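Descriptive analysis of the structure
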Amino acid sequence: GRAQRRGALSGEHQLTRAELGSASPPARAQVLGNDVAMGRFLLTTMPFTGHVTPMATVARQLVDRGHEVRFYTGARFRDRVEASGATLVPWNAAPDFDENDLPATFPRLIGKKGLRQLLVNMVDCFIATAPAQCADLSAEWDRAPWDALAADETSVGAVLFRERMGMPWATVAILPLNLAGNAGPPSGMGLIPGTNPVTRLRDAALRAAVPLISRPITLAIDEARHTIGLPSTPLMMEKLVFSPTLIAASGAPALDYERPDRPAHLHFVGELRAASPEQAASAPLPEWWPELASRTVVLVSQGTQNIDPDDLIRPALEALSGRDVLVVVTTGVAGRDTLPFAVPSNTRVAGFIPFAALLPFVSLMVTNGGWGGTLMALSHGIPLVIAGGDLDKPEVAARVAWSGAGINMHTGTPTAKALSVAIDRALVDPALRAAAIRVGAQLRSLGGAPRAAELLEGMLR
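Conventions adopted
Residues numbered from 1 in each chain as written. Predicted model: local features only at pLDDT ≥ 70, side-chain atom pairs only at ≥ 80, totals over all residues. Heavy atoms only, no water. Helix = DSSP H or I, 4+ residues; strand = E, 2+ residues; numbered from the N terminus. Buried < 20%, exposed > 50% of the residue type's maximum accessible area, 1.4 Å probe, protein only. Contact = heavy atoms within 4.5 Å. Areas by Shrake-Rupley, 256 points an atom, 1.4 Å probe, with all protein chains shown as cover. Pairing = 2+ DSSP bridges. Axes fitted to C-alpha atoms, helices over the stretch in contact; angles between N-to-C directions. Salt bridge = Lys/Arg side-chain N within 4 Å of Asp/Glu carboxyl O. pLDDT = per-residue confidence, 0-100. Phe/Tyr/Trp six-rings, centres within 6.5 Å; stacked < 30°, edge-to-face > 60°. Core = buried A, V, L, I, M, F, W, Y, C linked by side-chain atoms within 4.5 Å.

1. Looking at the overall build of the protein
- When helices and strands are counted, the protein shows 20 helices and 15 strands.
- Out of the 461 residues in the protein, the part that is buried amounts to 56%.
- Partitioning the contacts of the protein with sequence separation of at least 6, the portion at a separation of at least 24 is 64%.
- Element-wise, carbon and sulfur atoms account for 56% of the exposed surface of the protein, whose accessible area totals about 18900 Å².

Next comes the structure, spelled out in structure tokens:
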């Protein structure tokens, strides 16, 4: 396997450009042009919409550049993967779970919220499935090797597989950057970096406590490693899952506290957008779509995880009821175009709406802080009210508030009264909108999926 890989990357048995058109995909991996080999990529993400969608944009760019791309993720995403031009490699040995019903596969999640939910999710979903992910990848490698591997930062199985095989890999970070540094608090706590001696001391104490806090995760990682024959590692999760040679990270420095301690191999690429407004507008649109043009539009979105509408949607609709605005609600589940309670007359509900087509009409977004939706809104200069209560959502809320582009509600279950106050401010405060426009400009300047694909191509040089 390693000999095959060295041959492909060094360009042995090169074809001429005239032969490229008829070359099979494995042969194309050996063709060099403009110092970049036409290669075989294996991309992998955990089977969540918020992970697959941005990686699929990178897959599309690589396919358009002439590369062969395989995409390892859940079978539920076959249509999305194949629409990118990539070939799906489905979870087989790994349990192919439903992101909208995680407890069905991981019963320890039942009743869990907050930090307890985060820990169980990390251990049971991301880490305990890693040996089976590794088995799937090993079977695919034996069937047909690839030249370059790129994984999202939660694909522990891919990281263990590449370590066992001794191959380099790249990280495409599709969540708020959880990269350990020598300053600020540990990422994921929803805390902004300290700015005075007291808060800097707090940050240092929290960084020192990470090994103790992360003990359940560290033990689970070692168990997964031992299962596939790897020794224990001193590396914690936030160091294990990031490539030491290439990280292409969604987001922007403005949403990473402008931290000066980031490594040279980290490249922010802005938003990994799935579709252009023109492509999105060609998709089926709800019958109320023409109303958007003549109204002030407030978008309420609770993402695709923790989608109990009582958490955010119900209090947001109560706060927006009676206002001279058009409220658009997305439930986060395809086909679920209604809510289990009556909605105000100024509200329109849909399961999924093409955000690329919708966001040009939106003046404000009320959200639980899903990273993909947050980046899309900011790319359009839209200020945010964020009620992030679980997983990475408090971290998203803190980063956006630090940038000045939104209001952090500091809870995932805000009251209607608190939301009303925040919405009042967000609709009229010019500083929030100016910050959102500034962050959006930075996101758009970083190159998006084409830049990520360009960085990944560098692995073939």
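Past the structure itself, the notes keep going.
2. Points about the environment of Leu432
- If you trace the backbone, Leu432 turns up in helix H19 (residues 430-445).
- On a C-alpha basis, the gap between Leu432 and Ile407 in space is 8.5 Å, while along the polypeptide they are 25 residues apart.
- Among residues more than four places away in sequence, those in contact with Leu432 are Pro383, Gly404, Ala405, Gly406, Ile407, Arg425 and Ala426.

3. Observations concerning the sheet that holds strand E10 (residues 297-301)
- Pairing is parallel across the open sheet formed by six strands, whose spatial order is E12-E11-E10-E13-E14-E15. In the strand order of this sheet, the two ends are held by strand E12 (347-350) and strand E15 (406-408), each with one partner. Between one strand axis and the next, the sheet turns by 15 degrees as a mean value, whatever way the strands run.
- Along the sheet, helix H18 (residues 416-428) contacts E10, strand E13 (362-367), strand E14 (384-386) and E15; its crossing angle with E13, the most-contacted strand, is approximately 150 degrees.

4. So, the pattern of salt bridges
- Within the structure shown, the criterion is met by 22 salt bridges.
- The shortest N-O distance in the salt bridge between Arg70 and Glu68 comes to 3.4 Å.
- Classification of Arg70 as buried rests on a relative accessible area of 2%.
- By relative accessible area, which is 18% here, Glu68 ends up buried.

5. Concerning the sheet that holds strand E8 (residues 247-250)
- Strand order in the open sheet formed by seven strands is E5-E4-E3-E6-E7-E8-E9, and the pairing between neighbours is parallel. What marks the edges here is a single partner per strand, and that holds for strand E5 (87-90) and strand E9 (266-270). The average angle at which neighbouring strand axes cross in this sheet is 25 degrees, direction not considered.
- As judged from the two bridges shared by strand E6 (residues 148-151) and strand E7 (residues 170-173), these two strands associate in the parallel manner. Paired with Ala150 across the bridge in E7 is Ala170.
- Packing against the sheet, helix H4 (residues 49-64) makes contact with strand E3 (40-44), strand E4 (68-73), E6 and E7, and its axis sits at approximately 165 degrees to E4.

6. Let's talk about the confidence of the model for the protein
- With 89% of its residues at a pLDDT of at least 70, the protein reaches an overall mean of 87.
- Across residues 1-33, confidence stays below pLDDT 50; counting only partners more than four residues off in sequence or on other chains, it has 52 contacts.

7. Considerations on the packing of aromatic side chains
- Considering all chains together, one arrives at 10 aromatic pairs under this definition.
- Consider the rings of Trp289 and Phe361, whose centres lie 6.2 Å apart with planes at 85 degrees: the pair is edge-to-face. Here Phe361 lies in the loop between helix H15 (355-358) and E13 and Trp289 lies in the loop between helix H13 (277-281) and E10, a separation of 72 residues in the sequence.

8. Regarding the nonpolar core
- By size, the foremost hydrophobic cluster in this structure holds 50 residues, and its most contacted members are Phe97, Ile127, Phe161, Leu177 and Met237.
- Excluding its chain neighbours within four sequence positions, the residues that come into contact with Leu177 are Ser187, Phe242, Ala249, Asp256, Arg262, Leu266, Phe268 and Arg399.
- Core analysis: the next-biggest nonpolar cluster, separate from the first, contains 35 residues, Leu292, Val297, Phe355 and Ile386 among them.

9. Quick look at unusual backbone geometry
- Positive phi, normally seen in glycine, also occurs at Tyr257, with a value near 60 degrees.
- By the element assignment, Tyr257 lies in the loop between E8 and E9.
- For Tyr257, a relative accessible area of 9% gives the class buried.
- Located in the positive-phi region is His410, a residue other than glycine, with phi close to 60 degrees.
- Among the structural elements, His410 can be located in the loop between E15 and H18.
- The exposed category is assigned to His410, whose relative accessible area is 66%.

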